[in-house]
Amino acid sequence: MADKYAVIIIGGGPAGLTTALTLASAKGKFPFVEGKRYLVIYGEYSDLDKALLKNVPGIPTGILGKELLKQIREQVNSYENVDLVKGKVVKAEGKKENFKVYLEDGKVFEGENLVLATGFHKFDIEGLNVEVVEHHNSPRPNKVMLKHNNNKVKDGLYVAGLLAGEPTMYASASGSGAKVACDILSEWAGKTVVVHDVPDEG
Ligand SMILES: Cc1cc2nc3c(=O)[nH]c(=O)nc-3n(C[C@H](O)[C@H](O)[C@H](O)COP(=O)(O)OP(=O)(O)OC[C@H]3O[C@@H](n4cnc5c(N)ncnc54)[C@H](O)[C@@H]3O)c2cc1C
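Residues numbered from 1 in each chain as written. Predicted model: local features only at pLDDT ≥ 70, side-chain atom pairs only at ≥ 80, totals over all residues.

Chemist: Mind showing me how you'd approach helix 3 (residues 170–189) here?
Modeler: Since one α-helical turn is 3.6 residues long, residues separated by three or four positions face the same way. Between its terminal C-alpha atoms helix 3 stretches 29 Å, which fits the 28 Å expected from 20 residues at 1.5 Å a residue. Buried residues of helix 3: Tyr170, Ala173, Ser174, Ser176, Gly177, Lys179, Val180, Ala181, Asp183, Ile184 and Leu185, and no others. Buried residues in helix 3 make contact with strand 1 (5–10), helix 1 (14–24), strand 3 (52–53), strand 8 (108–116) and strand 12 (157–159). Just downstream of helix 3, Gly190 is the residue with a positive phi angle, here 75°. (Helix = DSSP H or I, 4+ residues; strand = E, 2+ residues; numbered from the N terminus. Expected span 1.5 Å × (residues − 1). Buried ≥ 20, exposed ≤ 12 C-beta atoms within 10 Å, placed from the backbone. Contact = placed C-beta atoms within 7 Å.)

Chemist: Help me understand the site of the ligand in this model?
Modeler: Residues in contact with the ligand amount to 34 residues; listed here are only the nearest, Gly11, Gly13, Gly43, Gly119 and Gly161. Secondary structure elements with two or more residues in the shell around the ligand: helix 1, strand 2 (38–42) and helix 3. The residue makeup of the shell around the ligand, split by class, is 18 nonpolar, 12 polar and 4 charged. (Near = placed C-beta within 6 Å. Nonpolar A, V, L, I, M, F, W, Y, C, P; charged D, E, K, R; others polar.)

Chemist: Explain the packing of helix 1 against helix 3 to me, please; I cannot follow it from the model alone.
Modeler: Relative placement of two packed helices is described by the angle separating their axes and the distance separating the axes. Close contact between helix 1 and helix 3 brings their axes to 7 Å; oriented N to C, the two are set at 40°. In the crossing of helix 1 with helix 3, the sense of the turn from one axis to the other is right-handed. Contacts between helix 1 and helix 3 involve Pro14, Ala15, Gly16, Thr18, Thr19, Thr22 and Leu23 from the former and Tyr170, Ala173, Ser174, Ser176, Gly177, Ala178, Val180, Ala181, Cys182 and Ile184 from the latter. Across the contact of helix 1 with helix 3, the residue classes break down as 10 nonpolar, 7 polar and no charged. (Axes fitted to C-alpha atoms, helices over the stretch in contact; angles between N-to-C directions. Left-handed = near helix turned anticlockwise from the far one by under 90°.)

Chemist: Honestly, the nonpolar core in this entry has me stumped. Any pointers?
Modeler: Note on soluble globular proteins: their nonpolar side chains tend to be buried together. Residues Ile8, Ile9, Ala20 and Val115 are the most contacted members of the largest nonpolar core, which totals 50 residues. Not counting residues up to four positions away in its chain, the partners in contact with Ile9 are Gly16, Thr19, Ala20, Tyr38, Leu39, Val40, Val115 and Ala117. (Core = buried A, V, L, I, M, F, W, Y, C linked by C-beta atoms within 7 Å.)

Chemist: Would you mind going over the packing of helix 1 against helix 2 (residues 65–77) with me for this structure?
Modeler: Where helix 1 meets helix 2, the axes come as close as 9 Å, and the angle between the chain directions of the two elements is 25°. The orientation of helix 1 relative to helix 2 falls into the category roughly parallel. Seen along the crossing, helix 1 lies across helix 2 with a hand that is left-handed. Across the interface between the two elements, Leu17, Ala20, Leu21 and Ala24 from helix 1 touch Ile72, Arg73, Gln75 and Val76 from helix 2. (Parallel < 35°, antiparallel > 145°, perpendicular 65-115°, else oblique.)

Chemist: Would you explain unusual backbone geometry in this entry?
Modeler: Glycine aside, residues mostly have negative phi, and peptide bonds are mostly found in the trans state. The phi dihedral of Glu97 is positive, around 85°, even though this residue is not glycine. Summarising the element assignment, Glu97 is placed in the loop between strand 6 (89–95) and strand 7 (98–103). Owing to 12 C-beta atoms within 10 Å, Glu97 belongs among the exposed residues under this scheme. Unlike most non-glycine residues, Asn129 shows phi in positive territory, near 60°.

Chemist: Would you mind going over the pairing of strand 7 with me for this structure?
Modeler: Regular strands show a simple pattern: their side chains alternate between the two faces of the sheet. Judged from the 6 bridges that link them, strand 6 and strand 7 form a sheet pairing that is antiparallel. Note on strand 7: the bridge partner recorded for Glu93 is Lys100. What sits between strand 6 and strand 7 in their antiparallel hairpin is a turn of 2 residues, with Glu97 showing a positive phi close to 85°. Looking at chain direction, strand 7 and strand 8 are connected through 4 bridges and run antiparallel. For Phe99, the partnering residue across the bridge sits in strand 8 and is Gly111. Taking the residues that link successive antiparallel strands as the turn, the strand 7-strand 8 hairpin has 4 residues, and the phi of Gly106 there is positive, at about 100°. (Pairing = 2+ DSSP bridges.)

The structure is reproduced here in structure tokens:
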């Protein structure tokens, strides 16, 4: 089993990848993130795989969702403090500081915090005792979200993106992922934290 991750993110769509990117990019900016590592576990399919995007600010109009997904994965992968693993999570258990995540292929990972960002089609990860309810922002029926309080399900357990009830728009899902990352960083900091870069003074 690998060393314990500071945060394990289940889901590698816009929400999960933005959570990872925001956390990873905090390195070098705050002493409390030094040495922390993050893991993204993602399955075969994200809703973004089917999309052609013309309305995501800053993203070239007409880009295929699957191409954008590949680019974001590469962007996340460029941070040495993040691992990406492809696989299906079947079970997760534990509590803050001690979560265990089990994959279908037998791999097991340990994390101090857990972010669920698995989209809104279903939630079939066993063991977490979360409350799955009808998605309140979906244009189609039979979509799901988790009950949460300001993206927190319980101590150390967060939900982001469509699984948190966001409308199915790229920017909403991604923004929710960034928010959850800032929530976690703020908890570590003991005060409100965001992750900003500015150009070098020249
Ligand atoms: C056809 C189509 C067109 C769209 N067009 C647009 C558009 O033009 N503009 C726009 O803004 N938005 C568009 N969207 C919406 C956008 O793609 C979604 O809102 C966005 O992808 C949701 O992000 P998410 O990260 O919450 O979920 P998803 O992108 O669904 O990501 C979920 C992630 O969780 C993983 N996962 C799920 N279960 C498990 C498990 N058990 N173990 C491991 N991993 C798991 C999946 O593999 C995936 O990586 C479109 C969507 C579709 C379907």
